[in-house]
Amino acid sequence: MSAPDLNAGWSQWPAPAKLNLFLNITGRRPDGYHQLQTVFALLGWGDQIRLRVREDGQVRRDGPSLAGVAEADDLAVRAALLLKRVANVAQGADIGVEKHIPAGGGFGGGSSDAATVLVGLNRLWNAGLDVDALAALGLQLGADVPVFVRGHNAWADGVGEQLTPIALAPAWYVVTDPGVHAPTAGLFADPHLTRDAPVAKIADFASGSLLGNAFEPVLRRREPAVEAAFAALSRIGRARLTGSGSGCFVAFATRAAAEQGLAQLPEELRAWVAAGVERSPLLDVLERY
């Protein structure tokens, strides 16, 4: 008797990372959430999601979740359960996550995983939700989820959910992970955080006048590892912070220039090169289904 095929029934779906090319906080809403402006740039690097339909209706995580995260709290599992409930789907799913995006770095790993589960299972379950409905579900899971559902680089307003597609010049990024996981709530509560930046327009970004991140001075002061990463990156270009995490990056026009910059960084700094993409690789896989 031949051995069972352990890969039978699985499909593979990419969950790309993102960078925030700038991030301003322009105020606070009555509900306590902060108003943001940012540009999301999707990358050709990220996690990989494995999905397999179950006929018993159960939703299971295949393999471990992040350390300290219960399966019921796993964002990918929550995304599947939310879609199953809203679309009234009888089937279930096994979900496997091959992690490459570091947690807490501001690269959107958990949000992208959730978005990929929504998009992938919507197709595999034949749930029939359109992209607007999926993005609305994603917003219930996190403010960054909708941009991954839609799969295009975008200018964002509101809490990050009001998205306008934006064309970005081709770019390659030297990306670093200082390994710091700073709680977002603590950063928002920091008295030194600038919360009243003037409202900007897309034309301001296009002119090159928007490059900063409101969380950068806070994290650099609070976290020596982030300050060290900025010091190293600043020797090869304009260092920037992504999101409210500790991840930092420098943009280059070509892969060769990015590789050259990477080679100049200290060996102890965890850094790599990632390509910017015009649209999410998730959309390419979706089209094949």
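Attention in this report is confined to the structure presented alongside it. (Residues numbered from 1 in each chain as written. Predicted model: local features only at pLDDT ≥ 70, side-chain atom pairs only at ≥ 80, totals over all residues. Heavy atoms only, no water.)

Details of the overall build of the chain
- For the chain, the helix and strand inventory stands at 10 helices and 10 strands.
- Taking 19 Å as the expected radius of gyration for a compact globule of 289 residues, we find that the chain reaches 19 Å, a close match to that expectation.
- Considered along the principal axes of its C-alpha atoms, the chain spans approximately 60 × 50 × 35 Å.
- For the chain, the share of sequence-separated contacts (at least 6 apart) that also reach a separation of at least 24 residues comes to 74%.
- Surface summary for the chain: the accessible area is close to 13,400 Å², and the carbon and sulfur share equals 52%.
- Taken as two groups, the 26 positive and 30 negative side-chain charges of the chain have centres that lie 2 Å from each other. (Helix = DSSP H or I, 4+ residues; strand = E, 2+ residues; numbered from the N terminus. Rg over C-alpha atoms; globule rule 2.2 N^0.38 Å. Contact = heavy atoms within 4.5 Å. Areas by Shrake-Rupley, 256 points an atom, 1.4 Å probe, with all protein chains shown as cover. Lys, Arg positive; Asp, Glu negative; His and termini not counted. Charge placed at Lys NZ, Arg CZ, Asp CG, Glu CD.)

Some points on the packing of helix H1 (residues 75-86) against helix H2 (residues 109-124)
- Taken N-terminus to C-terminus, the directions of H1 and H2 make an angle of 35 degrees; their axes are 8 Å apart at the nearest point. In the packing of H1 onto H2, the handedness of the crossing is right-handed. The segment H1 lies against H2, with Leu75, Ala76, Ala79, Ala80 and Leu83 engaging Gly110, Ser111, Ala114, Val117, Leu118, Leu121 and Asn122.
- Per-class residue counts for the contact of H1 with H2 are nine nonpolar, three polar and no charged. (Axes fitted to C-alpha atoms, helices over the stretch in contact; angles between N-to-C directions. Left-handed = near helix turned anticlockwise from the far one by under 90°. Nonpolar A, V, L, I, M, F, W, Y, C, P; charged D, E, K, R; others polar.)

Let's talk about the sheet that holds strand E10 (residues 271-275)
- Ordered by their spatial adjacency, four strands build an open sheet running E8-E9-E7-E10, and the pairing between neighbours is antiparallel. Two strands close off the open sheet at either side, each with one partner strand: strand E8 (240-241) and E10.
- Two elements, E8 and strand E9 (residues 248-252), share two bridges in a ladder whose sense is antiparallel. Pairing of Arg240 across the sheet is with Phe249, part of E9.
- Those strands touched by helix H8 (residues 224-233) are strand E7 (172-176), E8 and E9, and its axis lies near 15 degrees from that of E9.
- Contacting E7, E9 and E10, helix H9 (residues 255-263) crosses the sheet at an angle of about 170 degrees to E10. (Pairing = 2+ DSSP bridges.)

Regarding the packing of H2 against helix H3 (residues 131-141)
- The interhelical angle for the contact between H2 and H3, taken along N-to-C directions, is 145 degrees, at an axis separation of 10 Å. At the point where H2 passes H3, the crossing takes the right-handed sense. Contacts between H2 and H3 involve Ala114, Leu118, Val119 and Asn122 on the former and, on the latter, Leu134, Leu137, Gly138 and Leu141.
- The residue inventory of the contact of H2 with H3, partitioned by class, reads six nonpolar, two polar and no charged.

A few points about the nonpolar core
- Residues Ile49, Leu83, Ile95, Val117, Leu118, Leu121 and Val149 are the most contacted members of the largest nonpolar core, which totals 38 residues.
- Those residues in contact with Ile49 that lie beyond four places of it in its chain are Ser11, Gln12, Trp13, Ala15, Ile95, Gly96, Val97, Asp113, Thr116 and Val117.
- Counting residues in each nonpolar core, the second largest holds 26 residues, with Val180, Leu219, Val250 and Phe252 among its members. (Core = buried A, V, L, I, M, F, W, Y, C linked by side-chain atoms within 4.5 Å. Buried < 20%, exposed > 50% of the residue type's maximum accessible area, 1.4 Å probe, protein only.)

As for the side chain of Asp113
- For Asp113, the location among the structural elements is in helix H2.
- For Asp113, a relative accessible area of 6% corresponds to the buried category.
- A polar side-chain atom of Asp113 sits 3.2 Å from a polar atom in the side chain of Lys99.
- Non-local contacts of Asp113, meaning those with residues more than four positions away in its chain, are made with Ala15, Asp47, Ile49, Val97 and Lys99. (Polar contact = N/O pair within 3.5 Å; in protein donor to acceptor, adjacent residues only side chain to side chain.)

A few points about the pattern of salt bridges
- A complete count under the given rule lists 17 salt bridges for this structure.
- The closest approach of N and O atoms between Arg54 and Asp94, which form a salt bridge, is 2.8 Å. Placement of the pair is Arg54 in strand E2 (residues 34-54) and Asp94 in strand E4 (residues 92-98), with a sequence separation of 40 residues.
- The exposure class of Asp94 is buried, given its relative accessible area of 8%.
- Here Arg150 and Asp132 are joined by a salt bridge, their closest N and O atoms 3.0 Å apart. Of this pair, Arg150 sits in helix H4 (residues 145-150) while Asp132 sits in helix H3; the two residues are 18 residues apart in sequence, bridging distant segments of the chain. (Salt bridge = Lys/Arg side-chain N within 4 Å of Asp/Glu carboxyl O.)

Observations regarding the pairing of E7
- Burial analysis of E7 places four of its five residues in the buried class, the great majority of the element.
- As paired strands, E7 and E9 are joined by five bridges and run antiparallel to one another. Within E9, the position partnered with Trp172 by the bridge is Phe252.
- Of the strand pairs in this sheet, E7 and E10 are connected by five bridges, and their pairing is antiparallel. Bridging from a neighbouring strand, Val174 pairs with Val273 of E10.

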